[in-house]
Amino acid sequence: MSGREALRRAYKERKVESGVYAIRCETTGEVWVGATPDLSTRQNGIWFSLRLGSHREPSLQAAWNAHGGDAFAFEAIEGVDVEGLDAFGRASRLKERRGYWIGALGARGLN
């Protein structure tokens, strides 16, 4: 097996953690909360769309444009156990926990 194939296999076999995350603007104190089936890859996707100016949440994009990327922090705030649930059950569980954290933090929702 080549090194590339070994890396591909290791990526596919890694344990994926679903959960809820927060994005905080250190300058303004604003918080946005989202949920994802894979916490380990979510920050890269969000930062990429923000750098391109194409994030779907206008308030987050406006804050990023005004304060720059150094003013933002990504934080995984809760791992959510979705093992054994079907696709609908996973989505419902993540949505439920996301709603809880939006209320608890007084945040805006993402997704």
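Use the structure listed above.
Every value quoted in this text rests on a predicted model; they were computed, and no experiment measured them. (Residues numbered from 1 in each chain as written. Predicted model: local features only at pLDDT ≥ 70, side-chain atom pairs only at ≥ 80, totals over all residues. Heavy atoms only, no water.)

Observations regarding the pattern of salt bridges
This structure, assessed with the given rule, holds four salt bridges. When the shortest N-O distance is used, the salt bridge between E75 and R24 registers 2.9 Å. Placement of the pair is E75 in strand 3 (residues 72–79) and R24 in strand 1 (residues 19–25), with a sequence separation of 51 residues. Its salt-bridge partner being R108, residue E30 comes within 3.6 Å of it at the nearest N-O pair. Of this pair, E30 sits in the loop between strand 1 and strand 2 (31–36) while R108 sits in strand 4 (residues 108–109), and the two are 78 residues apart along the sequence. When its relative accessible area of 40% is taken as the criterion, R108 is described as partly exposed. (Salt bridge = Lys/Arg side-chain N within 4 Å of Asp/Glu carboxyl O. Helix = DSSP H or I, 4+ residues; strand = E, 2+ residues; numbered from the N terminus. Buried < 20%, exposed > 50% of the residue type's maximum accessible area, 1.4 Å probe, protein only.)

Focus on the nonpolar core
Ranked by internal contacts, the top residues of the largest apolar core, which has 15 residues, are Y21, I23, W32, I46, W47, L60 and F72. Taken together, the elements giving at least two residues each to this core come down to strand 1, helix 2 (39–52), helix 3 (58–67) and strand 3. Of all the elements, helix 2 adds the most residues to this core, at four residues. Residues in contact with W47, not counting those within four places in the same chain, are I23, W64, F72, A73 and F74. With twelve residues, the next largest nonpolar core counts I77, V82, L94 and A107 among its residues. (Core = buried A, V, L, I, M, F, W, Y, C linked by side-chain atoms within 4.5 Å. Contact = heavy atoms within 4.5 Å.)

A short note on the packing of helix 2 against helix 3
Between two packed helices, what matters for the description is the angle formed by their axes and the separation of those axes. Two elements in contact, helix 2 and helix 3, have axes whose closest approach is 10 Å; the angle formed by their N-to-C orientations is 70°. With respect to helix 3, the axis of helix 2 lies roughly perpendicular. Between helix 2 and helix 3 lies a crossing whose hand is right-handed. On the side of helix 2, the interface is formed by W47, S49, L50 and R51, while helix 3 contributes L60, Q61 and W64. Tallied by class, residues from the contact of helix 2 with helix 3 come to four nonpolar, two polar and one charged. (Axes fitted to C-alpha atoms, helices over the stretch in contact; angles between N-to-C directions. Parallel < 35°, antiparallel > 145°, perpendicular 65-115°, else oblique. Left-handed = near helix turned anticlockwise from the far one by under 90°. Nonpolar A, V, L, I, M, F, W, Y, C, P; charged D, E, K, R; others polar.)

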